[in-house]
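Coordinate inspection notes
Take a look at the letters that make up each chain.
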Amino acid sequence: MSQAAPIVEARNLSYAVNGRPIFSGLDLDILPGRVTAVMGPSGTGKTTLLRLITGQLRPLGGSLVVAGQDMRTVRGDALYALRKRMGMLFQNGALLTDLSVFENVAFPLREHTDLPERLIRLIVLTKLQAVGLRGAASLMPSELSGGMARRVALARAVVMDPEILVYDEPFVGLDPISLGMILRLIRRLNDTLGLTSIVVSHDVHEITQVADRVYLLSGGRVAAGGTPAELASNPSAVVKQFVGGLPDGPVPFHYPAPDYFGELLERSHGHSA
Amino acid sequence: MIGELRRSLVGALGGLGDISLFLVRLIADMPRALLRFDLIAKQVFNSGGLSLIIIMLSGLFVGMVLGLQGFELLQRFGSEEALGTAAAIGLVRELSPVITALLFAGRAGTALASEIGLMRATDQLSAMEMMAVDPIRRVVLPRFLGGIIAMPLLAAIFSMIGLYGAQLVGVQMMGVDSGSFWSQMQAAVELRDINEGLVKSAIFGIACSLIAVYEGYYAQPTAEGVGLATTRTVVTSAVVVLFLDYLLTFAFL
């Protein structure tokens, strides 16, 4: 396969929340047509990276180019035009609770197109069939299980035929069966619809089954990147700790705190005084 | 003490600035939102239609109390026949707009604030943004406009039911002459009385709807935040309505 130009390109990207740096000097390429996983321990800014890529947040420094748009300056109609080329699967699905499953999937079509009702019905039913939930079209979101809600949201995310599909922690809180379904859908939608998929997750074993390329974030930058096999044989301590699930290592078990015995023996502290 | 007072005053002024900016944003987006009449109609039903029972019941009781108190007072001067006039002017100019607005804040305003707040907390607003749908235009504005349309209609219904209640007590129970009850009312109530009530309820409608959608839209996306937004909607609406009522009454003198 020839090396196509990256569809997402981050160079020396930096971002901070309330003065606390999340990213400093992050470099990352996401190639079109692939499933790219972004992994990392909780709190390393995986979701923040997604929000930067989708333009919900704005980079503070460096450059971030998504599908040819400079994310530092894009706003208004240009941002909405870019988002029409993207789909995003939120952690809990984020279905609109006052609309049925069918209407949720039809929502982007109704908002952005003047398609006749017959065609909308056709498109929605084919997308629901693809996620195996055509039979649930008339249910309300409150009647769905967590896994079903996520599949409906997936159908909604692809209904406008996006180029980029972004998944925020798609495996959290799923039973093994639903998890297997989502895994299969990520791969199948990516290949049949010709998408570029970006999956943020910390489920090492699940994500390495489907990802073509994996980035491991740590300490505000990319600690390692490559195919799942390359990552598994990576000698770095951070990668070993994360992939092996070791409780202590470069990412410490303890949140930074003053000396333990010193604090226990301290007399003039709080109500113990 | 003074420092605290100063801080809360500065906070209140800051809040006033934020909500004014929010209103400007709503007005800027309003032309495009007005095209979606189906969405607005649904919200007129949600805010207005679903508040109808509580408005009608309250109107009936307020009218009945007005009938009793008015009769008792007017009887001292031997002018019970003026009961119709007193009830009509009291209701149309003052009681209907104010009580409707307070009930609206409690019934529809809280529903709006918690609905929008929960949509924020469950990422529904972010999901809309990701689908290139502006939540201000799709969610906030239809609800804002629906509330503005519903409020004067509710106040008018409140007046009507209230007059029926006053008549029920005054004429049917206390024996005021039916003919003079209605004819004196007809002669005394002028168009400017009706206008005063209409203007008041329109302005209360704008204020209550704005406070509700603002509190919901900027609610902290947690259970506590949504609860706080709901409470603040009722409290702020009530104080603002009563304050505006004084200003408007003064302006109509």
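Computed from a predicted structure; not experimentally measured.

Calculation rules
Residues numbered from 1 in each chain as written. Chains lettered and ligands numbered in written order. Predicted model: local features only at pLDDT ≥ 70, side-chain atom pairs only at ≥ 80, totals over all residues. Helix = DSSP H or I, 4+ residues; strand = E, 2+ residues; numbered from the N terminus. Buried ≥ 20, exposed ≤ 12 C-beta atoms within 10 Å, placed from the backbone. Contact = placed C-beta atoms within 7 Å. Pairing = 2+ DSSP bridges. Axes fitted to C-alpha atoms, helices over the stretch in contact; angles between N-to-C directions. Nonpolar A, V, L, I, M, F, W, Y, C, P; charged D, E, K, R; others polar.

Next up on the list: the overall build of chain B. Scanning chain B from N- to C-terminus turns up 9 helices and 0 strands. Each helix (α) and strand (β) of chain B, taken in turn from the N terminus, gives the series α-α-α-α-α-α-α-α-α. Across its three principal axes, chain B shows a C-alpha extent of roughly 65 × 50 × 30 Å. Counting all 253 residues of chain B, 44% fall into the buried class. For chain B, the share of sequence-separated contacts (at least 6 apart) that also reach a separation of at least 24 residues comes to 88%.

Residue and element names in this part refer to chain A. Overall, mixed pairing links the 6 strands, which are arranged β6-β7-β8-β3-β9-β10 in an open sheet. Unpaired on one side and paired on the other, β6 (86-89) and β10 (221-226) mark the two borders of the sheet. Each strand axis lies, on average, 15° off the axis of its neighbour in the sheet, ignoring direction. Examined bridge by bridge, β6 and strand β7 (residues 164-168) share 4 bridges and lie parallel to one another. Looking at β7, one finds that Gly87 is bridged to Leu165. Its contacts with the sheet place helix α5 (residues 146-158) against β6 and β7, and it is angled at close to 170° to β6.

With that out of the way, let us pick up the interface of chain A and chain B. On the chain B side, the residues contacting the 14 residues of chain A number 10 residues. Of all the secondary-structure elements, those providing two or more residues to the side of chain A that touches chain B are α2 (76-83) and α3 (101-112) of chain A. For the side of chain A that touches chain B, the element with the highest residue contribution is α3(A), accounting for 4 residues. Residue composition of the side of chain A that touches chain B, by class: 7 nonpolar, 4 polar and 3 charged.

One non-glycine residue, Asn18(A), lies in the positive phi region at around 50°. Non-glycine residue Ala132(B) carries a positive phi angle of around 60°. Note on Ala132(B): 19 C-beta atoms within 10 Å, which makes it partly exposed.

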